[in-house]
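The lines below spell out each chain.
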Amino acid sequence: MSIREDSEPILVGAEPLGKILPIDLIPQIKNNWCWAACAEMVFKHRSITVKRQCDLVLSALSASASSLDCCNNRPDGPCDLPASDKEITNLYINKGIRSATLVDPIKPDEIKAEIGRNAPVEIGYKGSGFGRGAIGHVVLLYGWQETPGVGLSFFIHNPLAQARSVRADFALPGQIDRGLWDATWKGL
Amino acid sequence: MIVKDTLPTDFKKTIKQQIGYMLPGLLHQHSGRPKSVELRESFLTWTLDLNTLLQQALDLKTLRARMSAGSFLPAQETGVWHHQILFDGEPRAWAESEVLASGKARVREVSISPLAKKIDDAIEWVESPAREWAKSASVHVRLLSLPSLLMHTFWLLEPRNVYVIGALPKFVNLVERQLFDEAAFIQALYADLLSREKRNR
């Protein structure tokens, strides 16, 4: 007996009502660079020149990484560093997005308003469990749609190579991936 | 014989319809529409409540002893179904659905993600005739997930093993395509979680 199942066709619907920003997914190059990949997506969208993800890391973590070779091809290494919320905010401001603001989780209407003015929204969350072992991650919300029978859903790029459509009433009560949504960057 | 939980047939129509509604916006930016989109395997998901686990088993030794004495991995059924989705015959996406209090099924997320291929590969691996359980009377396969850690595993009952399908690349002990016994799995999970820094992204 097999756990394989027969395929059943899915009929894909028409283009729904909503707004999706033309932002392509850029995966994170190193294990801890979700924040750098999100920043690269934002800068590309804003036509701010960034040569490489590693250059963003160097400019964001200049104090701790200035003497490191962040642009080598090793999968890990001393430059594979996470960023604090403050370092993420400063990265945007220092690269010219002076409106970048770090806030608490925001409501669906605020997200739609941000997308409406062509600004993606960066969401930070941490995995639940083990207190001091909490693991942080950031993703980029780049669109929304309203569909009959489904309602409001959001489009999210996860730098760990996922593009997803998440139903709003599931995503927004403070949970993403069943982790705790604890930070939002708007004005991007 | 390898078995898994079966999605009630009357949910399938609703689930396929809602996935079809949620896909266009995603496909918009992903090399156009595939010629065919299909629903394939569905798995009822299980999870570990890490906080409860920590409270109940502060001492890893005790937890290991308890599990060696016959207690099962402290996992809970979530009521959430994972669905594999094929684009032009290839596993490229997945969806999650849940059953509401009204008894109706609702899709809450659709993702285009390498996880679909990883799960497909894991099905191949589990069903390989070379596996030791191929000759067992019955092996129940459950999808055990910790979404906040991007961790997905096949929990195999009766060998009482856990096969890691995907995990945070930050993890060094719980790595993909490795088979653990239940106690070793918990130990590796503790080790990876406790080595992390607080609040960093």
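Residues numbered from 1 in each chain as written. Chains lettered and ligands numbered in written order. Predicted model: local features only at pLDDT ≥ 70, side-chain atom pairs only at ≥ 80, totals over all residues. Heavy atoms only, no water.

Another point: the packing of helix α1 (residues 34-45) of chain A against helix α2 (residues 53-60) of chain A. All names here are of chain A. Close contact between α1 and α2 brings their axes to 9 Å; oriented N to C, the two are set at 110°. Taken together, α1 and α2 sit at an angle that is classed as roughly perpendicular. Every residue of α2 that contacts α1 at W35, A36, A37, A39, E40 and F43 is listed here: Q53, L56, V57 and A60. Its residues assigned to classes, the contact of α1 with α2 comprises 8 nonpolar, 1 polar and 1 charged. (Axes fitted to C-alpha atoms, helices over the stretch in contact; angles between N-to-C directions. Helix = DSSP H or I, 4+ residues; strand = E, 2+ residues; numbered from the N terminus. Parallel < 35°, antiparallel > 145°, perpendicular 65-115°, else oblique. Contact = heavy atoms within 4.5 Å. Nonpolar A, V, L, I, M, F, W, Y, C, P; charged D, E, K, R; others polar.)

This next bit is on the nonpolar core. Counting 98 residues, the largest nonpolar core has W35 and Y92 of chain A together with I19, L48, F185 and L189 of chain B as the members making the most contacts within it. Here this core gets 8 residues from one element, more than from any other, and that element is α1 of chain A. Other than its neighbours up to four places away in sequence, F185 of chain B contacts L48, L73, L144, M151, T153, V162, L174 and F180 of chain B. In terms of nonpolar packing, the next biggest core, distinct from the first, is built from 18 residues, W133, V139, L143 and L156 of chain B among them. (Core = buried A, V, L, I, M, F, W, Y, C linked by side-chain atoms within 4.5 Å. Buried < 20%, exposed > 50% of the residue type's maximum accessible area, 1.4 Å probe, protein only.)

So, on to the state of the cysteines. Residues and elements named next belong to chain A. Scanning the entire structure with this criterion turns up 1 disulfide over all chains. Residue C54 pairs covalently with C71 via a disulfide, S to S 2.1 Å. Disulfide C54 to C71: torsion about the S-S bond roughly 100°, handedness right-handed. Highlighted residues: C54 in helix α2 and C71 in the loop between α3 (62-65) and α4 (85-94), separated in sequence by 17 residues. A relative accessible area of 6% places C54 in the buried class. (Disulfide = S-S within 2.5 Å.)

Moving on: the packing of α1 of chain A against α4 of chain A. Residue and element names in this part refer to chain A. Remark: α1 packs on α4, axes separated minimally by 11 Å, with the N-to-C direction vectors making an angle of 25°. Here α1 lies roughly parallel to α4, going by the angle between them. In the crossing of α1 with α4, the sense of the turn from one axis to the other is right-handed. Here α1 contributes W35, C38, A39, V42 and F43 to the contact with α4, which in turn contributes I88, L91 and Y92. Across the contact of α1 with α4, the residue classes tally to 8 nonpolar, no polar and no charged. (Left-handed = near helix turned anticlockwise from the far one by under 90°.)

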